[in-house]
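So the chains spell out like this:
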Amino acid sequence: MPRVTPEQTPPGPGDLSAHPDDSVPIRPARKPTAATGATDESRPTSMAPEQLGFIPRRAVPWLSPVLLAGTAVRVVLAELFGAYLDKRELQNALPDKTFDERPDGDDTAEVWFDYVADLGDGFNATYSIAYLLAQQQLTIDGKPLPRGQMLVMGGDQVYPTPSGQQYEDRSKGPYRAALPQPPLDDTHPTIYALPGNHDWYDGLTAFLRLFARGQAKIGGWHTSQSRSYFAIQLPSRWWLLAVDAQFGAYLDDPQLRYFQRVADECLRPGDRVIVCTPSPGWVIATDDPHAFDTTDYFLRTVIAPTGAEVRVMLSGDLHHYSRYTGRDRELITSGGGGAYLYPTHHLPERIDVPPKATLVRNPSPSREYRLAATYPTKSRSRWLSAGVFFRLPWRNPAFVSFLGTVHLLLMLALAGSAQRMSGAEQRLFTIPVVVMAMLVLGGNIVFAMPPATGHRRPRHWVLGTLHGVAHIGLGVLGAWVWLKLPFVDLPWPLPILVAALLYLPVGGLVASQVVSAYLLVASVFRVNINELFAAQGIFDAKGFLRLHLSADGTLTIYPLAVDRVGRKWTPTPTAAADQPWLEPTEPLRVKLAEPPIRCR
Ligand SMILES: [Fe+2]
């Protein structure tokens, strides 16, 4: 039986950053100017949006109250009506072809390809990764790694919610800037994209317009797919199957028929398969046992009967790199395409896949997988957690203002109650204490709850309640201090004005520290882990996978990592047509997140 073996014994998760010298500064693989000697006069000369044709966006401030409200509405709509608006059913009318990435149809040829996911966030991180993907070649530890002839985008190509303009600014624009024209070496790399949950928040409309129009251009890459899922034939009897499991829903009938046809007509015993899924159900299932159900159904009913063997499963969705290894399969999460860093220190050392707690009858036999590597390391991830105290207020000023407003109202309610205010004007501005206390308590309990798909456990209620009580306690302390100050005795409405000018900003900052402390404590109990890092918006520590299928059918996976993404960019108006529009002012240093992984 073929075996999956690492090329070298990988270091423990804590050892990955022990090789800082492995990183190699990447400068552009400069080619001479275009063969014609001409330069492209349409190249931008500055980073002005009108020059670039898109707006380089800042990273999403995930705790912005307006954004939270807007995203929440989209999420609720998508989850409530997703089943009714599921465009996968409509894709039945679109061509259901499979794709052949064997060079010249040669089954013994070698091929390079890339995998990136979770890319459509802030410009600096997204463009840094796009820039590296576009380079003709990266050299790591003296080994040349050529650009992939195809680029698989594994999900979340845009944040926070999709639209044509958001895709333009956050993914298509940066990728076009990184590879403006098809490479002059006559390679024509293809992009295949799988939607993630953020691509789904408009029912997939904008995603299908961008990625599923058949032959269309995204800079020097071109698209090919017509549906939101695809099957790609690779040399040496390898296949890549990408499954669109909208929010973990059941697979739609047209999609099942598509893959069933691939299974019946193409897959043979001994074929090896890479399966791409929108989220790493194997690890999410440790908190939500249903998370792997759809994937397991696909593996059990479509692939297993053919005798083909799933050697690798790839996913994004969690914005880090992690690899679980088992007797016959590698389970890799690589979500470092641009979105805020997601922690690794909570990842379990061992998982059972499918989870033993699943309600599915007759699931695939459960197997144990152990955590082989993470990027960043668990110790680094733990260290970054503590940065929440200064990154949260720094990245989310609107959230601090929101907290300040809530605490101003809470303090006024408490102070008004303590003073037994009688003036009609003052009562107008004084919300009853009970109402404010219930709003603060209820808001914090809702904040602690997992997404709709997750399980609400007692720890969510307890931590949410304690968080609310902490804020009410802060409000009582604030009111006590306020009543000691001389401003209270000023003539009406000066106390309110002074409170808005002084108490609001100070209260907001102090409350943000209470929220930070809560997030840090709650994450220990596996509550609000996502929010602990979303609030910080760490855009460094990014990465992607470069994969190589050799002529003898060995798949080697190079997990590439960048500790620090670019911050400043220099336009290159006189460079060749296929060279990036923007160069980093400091070279990007790329390293391996762990030694290459070999699968046979
Ligand atoms: Fe994501």
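Our structure is the block above this text.
We now turn to the structure provided with this report. (Residues numbered from 1 in each chain as written. Predicted model: local features only at pLDDT ≥ 70, side-chain atom pairs only at ≥ 80, totals over all residues. Heavy atoms only, no water.)

What follows deals with the coordination of the iron ion. The protein atoms that coordinate the iron ion are D118 (OD), D156 (OD), Y159 (OH) and H319 (NE2), at distances spanning 2.1 to 2.3 Å. Considering all 4 donor atoms around the iron ion, the spread of angles at the metal, 87 to 174 degrees, places the coordination shape in the irregular class. Motif for the iron ion, donor spacing along one chain: D-x37-D-x2-Y-x159-H. Residue classification places D156 among the buried residues on the basis of a relative accessible area of 2%. (Donors = N, O, S within 2.8 Å, 3.2 Å for Na, K, Ca; no water. Tetrahedral: all angles 85-135°; square planar, octahedral: opposite > 155°, others 65-115°. Buried < 20%, exposed > 50% of the residue type's maximum accessible area, 1.4 Å probe, protein only.)

Pairing is mixed in the open sheet, where 9 strands are placed in the order 3-11-12-13-14-16-15-18-17. On the outer flanks of this sheet lie strand 3 (99–100) and strand 17 (350–353), each paired with one strand and no other. Here 4 bridges tie strand 14 (residues 309–315) to strand 16 (residues 330–334), and the two strands are oriented parallel to one another. Note on strand 16: the bridge partner recorded for S315 is T333. Most of the contacts of helix 8 (residues 293–303) go to strand 13 (residues 272–277), to which it runs at about 150 degrees, and overall it touches strand 12 (238–242), strand 13 and strand 14. (Pairing = 2+ DSSP bridges. Helix = DSSP H or I, 4+ residues; strand = E, 2+ residues; numbered from the N terminus. Contact = heavy atoms within 4.5 Å. Axes fitted to C-alpha atoms, helices over the stretch in contact; angles between N-to-C directions.)

Here we come to unusual backbone geometry. For the bond from V353 to P354, the omega torsion is -10 degrees, close enough to zero to count as cis. You can see P354 is positioned in the loop between strand 17 and strand 18 (367–375). Cis geometry marks the peptide bond from Y375 to P376; its omega dihedral reads 0 degrees. Here D156, not a glycine, exhibits a phi torsion of approximately 55 degrees, which is positive. Turning to its location among the elements, D156 is positioned in the loop between strand 7 (150–153) and helix 4 (164–178). Phi at A541 takes a positive value of approximately 60 degrees, unusual for a residue other than glycine. Secondary-structure assignment places A541 in the loop between helix 16 (529–534) and strand 19 (542–549). Residue classification places A541 among the buried residues on the basis of a relative accessible area of 12%.

So, about the packing of aromatic side chains. Overall, the coordinates contain 18 aromatic pairs when judged by the stated rule. A centroid spacing of 5.1 Å and a plane angle of 45 degrees characterise the contact between F207 and F211, whose relative ring orientation is tilted. Of this pair, F207 and F211 both sit in helix 5 (residues 205–211), separated by 4 residues, roughly a single helical turn. Of the two residues examined, F207 and F211, each falls in the buried class. Ring pairs connect the aromatic residues F54, F123, Y127, Y131 and W569, which therefore count as one cluster. (Phe/Tyr/Trp six-rings, centres within 6.5 Å; stacked < 30°, edge-to-face > 60°.)

This part covers the environment of S385. With respect to the helices and strands, S385 occurs in helix 9 (residues 378–385). Distance from S385 to I529, taken between C-alpha atoms, is 9.6 Å for residues 144 residues apart in sequence. Once residues lying within four places of it in the same chain are set aside, the contact partners of S385 are H345, L520, L532, F533 and Q536.

Here helix 10 (residues 388–395) crosses helix 15 (residues 494–524) at 130 degrees, and the two axes come no closer than 9 Å. Regarding the angle of helix 10 to helix 15, the classification is oblique. As helix 10 packs across helix 15, the resulting crossing turns out to be right-handed. Of helix 15, the residues touching helix 10 (which contributes V388, F389, L392 and P393) are L509, S512, Q513, V515, S516, A517, L519 and L520. (Parallel < 35°, antiparallel > 145°, perpendicular 65-115°, else oblique. Left-handed = near helix turned anticlockwise from the far one by under 90°.)

Spanning 13 residues, helix 6 (residues 253–265) covers 18 Å between terminal C-alpha atoms, matching the ideal 18 Å at 1.5 Å per step. Among all positions of helix 6, only P254, Q255, L256, Y258, F259, V262 and A263 are buried. For helix 6, the secondary structure elements touched by its buried residues are strand 11 (230–234), strand 12 and helix 8. (Expected span 1.5 Å × (residues − 1).)

What follows deals with the nonpolar core. If you look at the biggest cluster of nonpolar residues, it comprises 90 residues, and the most contacted ones within it are F230, L240, L241, F298, I303 and L555. Per element, the largest residue contribution to this core is 6 residues, and it comes from helix 15. Residues in contact with F230, not counting those within four places in the same chain, are F99, V152, Y192, A193, L194, Q225, L240, L241, A242, Y258 and F259. Grouped together as the second largest cluster of nonpolar side chains are 46 residues, F123, L132, L151 and Y175 included. (Core = buried A, V, L, I, M, F, W, Y, C linked by side-chain atoms within 4.5 Å.)

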